[in-house]
Amino acid sequence: MKIINPTEFSPALQSVYYTAIPEQGDEGPYFFEISDGSGTVAGAKTFDKDDTFLINVSAYLKSGIDVAPAPTQQSTIICLPDRTLNSNIIYNGASYSTVHLMGNFFTSDDGLMSEQLTARSIYYGDQDEITFLSDAGEITAEIIIQGTGKKFFLQSLQITDKSPVTVIINCDDLKEFIEPYRYRYGEKFPSFTLSIKNEEEQLFRITYHILRFPGIRVCWWNRYGAVDFFTFPILTEKRTVKKGNKTGLNFTAGFSSLTEEVNNLAAGILSSPQIWLTSGDEFIPVSVVSDSIITDTYHSPQYVSFSTI
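The structure displayed is predicted, hence computed values, not measured ones.

## Describing the environment of Gly149
(1) Moving on: Relative to the helices and strands, Gly149 is located in the loop between strand 12 (137-145) and strand 13 (150-159).
(2) Moving on: The spacing of Gly149 and Ile65 is 84 residues in sequence and 42 Å in space, taken between C-alpha atoms.

## Focus on the sheet that holds strand 3 (residues 17-21)
(1) Moving on: Strand order in this open sheet of three strands is 1-3-6, and the pairing throughout is antiparallel. Two strands lie at the open edges of the sheet, namely strand 1 (2-4) and strand 6 (53-56), each paired on one side alone. Strand-to-strand twist in this sheet, taken as the mean axis angle between neighbours without regard to direction, amounts to 25 degrees.
(2) Moving on: When strand 1 meets strand 3, the two strands line up antiparallel, connected through three bridges. By the bridge assignment, Lys2 is partnered in strand 3 with Ile21.

## Some words on the environment of Thr252
(1) Moving on: The topology assignment puts Thr252 in strand 20 (residues 246-255).
(2) Moving on: On the basis of relative accessibility, which here comes to 10%, the residue Thr252 falls in the buried class.
(3) Moving on: For the pair Thr252 and Arg120, spaced 132 residues apart in sequence, the C-alpha to C-alpha distance is 20 Å.
(4) Moving on: Discounting chain neighbours no more than four positions away, the residues touching Thr252 are Ile234, Leu235, Thr236, Glu237, Tyr303, Val304 and Ser305.
(5) Moving on: A polar contact is formed between the side chain of Thr252 and the side chain of Ser305, at a distance of 2.8 Å.

## Quick word on helix 3 (residues 260-271)
(1) Moving on: Between its first and last C-alpha atoms helix 3 spans 17 Å; for twelve residues at 1.5 Å apiece the expected length is 16 Å, and the two agree.
(2) Moving on: Of all the residues in helix 3, the buried ones are Val262, Leu265, Ala266, Gly268 and Ile269. Down the axis, helix 3 shows its buried residues gathered within 155 degrees of arc, on one side only. For helix 3, exposure combined with an orientation more than 90 degrees from the buried face picks out Glu260 and Ser271.
(3) Moving on: On its buried face, helix 3 is in contact with strand 17 (216-221), strand 18 (227-232), strand 20, strand 21 (275-279), strand 22 (282-288) and strand 24 (302-307).

## A word on unusual backbone geometry
(1) Moving on: With an omega of 5 degrees, the peptide bond running from Gly28 to Pro29 counts as cis.
(2) Moving on: Here Pro29 lies in the loop between strand 3 and strand 4 (30-35).
(3) Moving on: Positive phi is not limited to glycine here, since Asn92 has a value of about 55 degrees.
(4) Moving on: Summarising the element assignment, Asn92 is placed in the loop between strand 8 (84-91) and strand 9 (94-101).
(5) Moving on: Even without a glycine there, the phi angle at Glu199 is positive, about 55 degrees.

## Brief notes about the sheet that holds strand 4
Note: strands within a sheet are paired through backbone hydrogen bonds, in either parallel or antiparallel orientation.
(1) Moving on: Pairing is mixed in the open sheet, where five strands are placed in the order 2-9-8-4-5. Both outer strands of the open sheet, strand 2 (10-11) and strand 5 (41-47), are each paired with one neighbouring strand and no more.
(2) Moving on: Bridge count between strand 4 and strand 8: three bridges; the pairing is antiparallel. Bridging across to strand 8, Phe32 finds its partner in Tyr91.

## Looking at the pattern of salt bridges
Where charged atoms from two side chains of opposite charge approach closely, those side chains can pair.
(1) Moving on: Applying the stated criterion across every chain yields a total of five salt bridges.
(2) Moving on: With a shortest N-O distance of 2.6 Å, Asp82 and Arg83 are connected by a salt bridge.
(3) Moving on: Overall, the relative accessible area of 21% leaves Asp82 in the partly exposed class.
(4) Moving on: According to the relative accessible area criterion, Arg83 is buried, its value standing at 1%.
(5) Moving on: In this structure, the salt-bridge partner of Glu129 is Arg83, at a minimum N-O distance of 2.9 Å. A residue pair is termed long-range when its members are at least 10 positions apart, and Glu129 in strand 11 (residues 127-134) and Arg83 in the loop between strand 7 (76-78) and strand 8 qualify at 46 residues.

About the cut-offs
- Residues numbered from 1 in each chain as written.
- Predicted model: local features only at pLDDT ≥ 70, side-chain atom pairs only at ≥ 80, totals over all residues.
- Heavy atoms only, no water.
- Helix = DSSP H or I, 4+ residues; strand = E, 2+ residues; numbered from the N terminus.
- Pairing = 2+ DSSP bridges.
- Axes fitted to C-alpha atoms, helices over the stretch in contact; angles between N-to-C directions.
- Buried < 20%, exposed > 50% of the residue type's maximum accessible area, 1.4 Å probe, protein only.
- Contact = heavy atoms within 4.5 Å.
- Polar contact = N/O pair within 3.5 Å; in protein donor to acceptor, adjacent residues only side chain to side chain.
- Expected span 1.5 Å × (residues − 1).
- Arc of directions from axis to C-beta.
- Salt bridge = Lys/Arg side-chain N within 4 Å of Asp/Glu carboxyl O.

Next up, the structure:
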């Protein structure tokens, strides 16, 4: 029996097929066990015909799919365990396994697992994540204070196999690098660039502008199987609501404009299976109560409403 595995790092939320091709001398029926991604056998399939057949294991993976933000008090580089899972089939005592990402889209050509913008806003106390699929090597991250040329080494991580890597930025953790340059170069609220490399190869450069005031910041499980963060520049409504014996918060936040990049980001939030309101290292699950972006044609911001209950 010849078994062809699914594509490595293909999205687990799409259909996932193993291809089985009987070879000369093989005789049916052909019996396959299917794992649920945790190693536990969750199902089986039997085929009688001596023909090529597809084994769809997607339904058995869903119980193992769960993505969440990673609270941390420090900026770091890490390989998070909830960014991948394995599919697995067993035939005639032999095991066949493939690693998958926790989304429903393949990553972009550069491996970036994000719907976010390469120019982002952040405030002290906020966290941000950048996840990407990387080849083996030493991943390094450094902070560059814009307008100064000053560079500060953040952290490095050696990975031995291709895998998703997450760089987590905790803005409070960067104060010691940023604060000395706030007034010296005339920047009351300066910007900095996060530079990410694999060995000497430049992978990503993401620019952060430090906000004057904290904003409404949310994060969500994106279509690539990672977590994105965004700070809404506009808050139009915030009120306490009750449902039975539960008390929660309803709020409406807005985008200042709806460019193509922001439109893709907004679509990602609306279609996400899980969204959180962030407050420091606390993540509060929220749901979207508007099923589309509400547009004010006179002032032209675009709004979306959320609820914590």
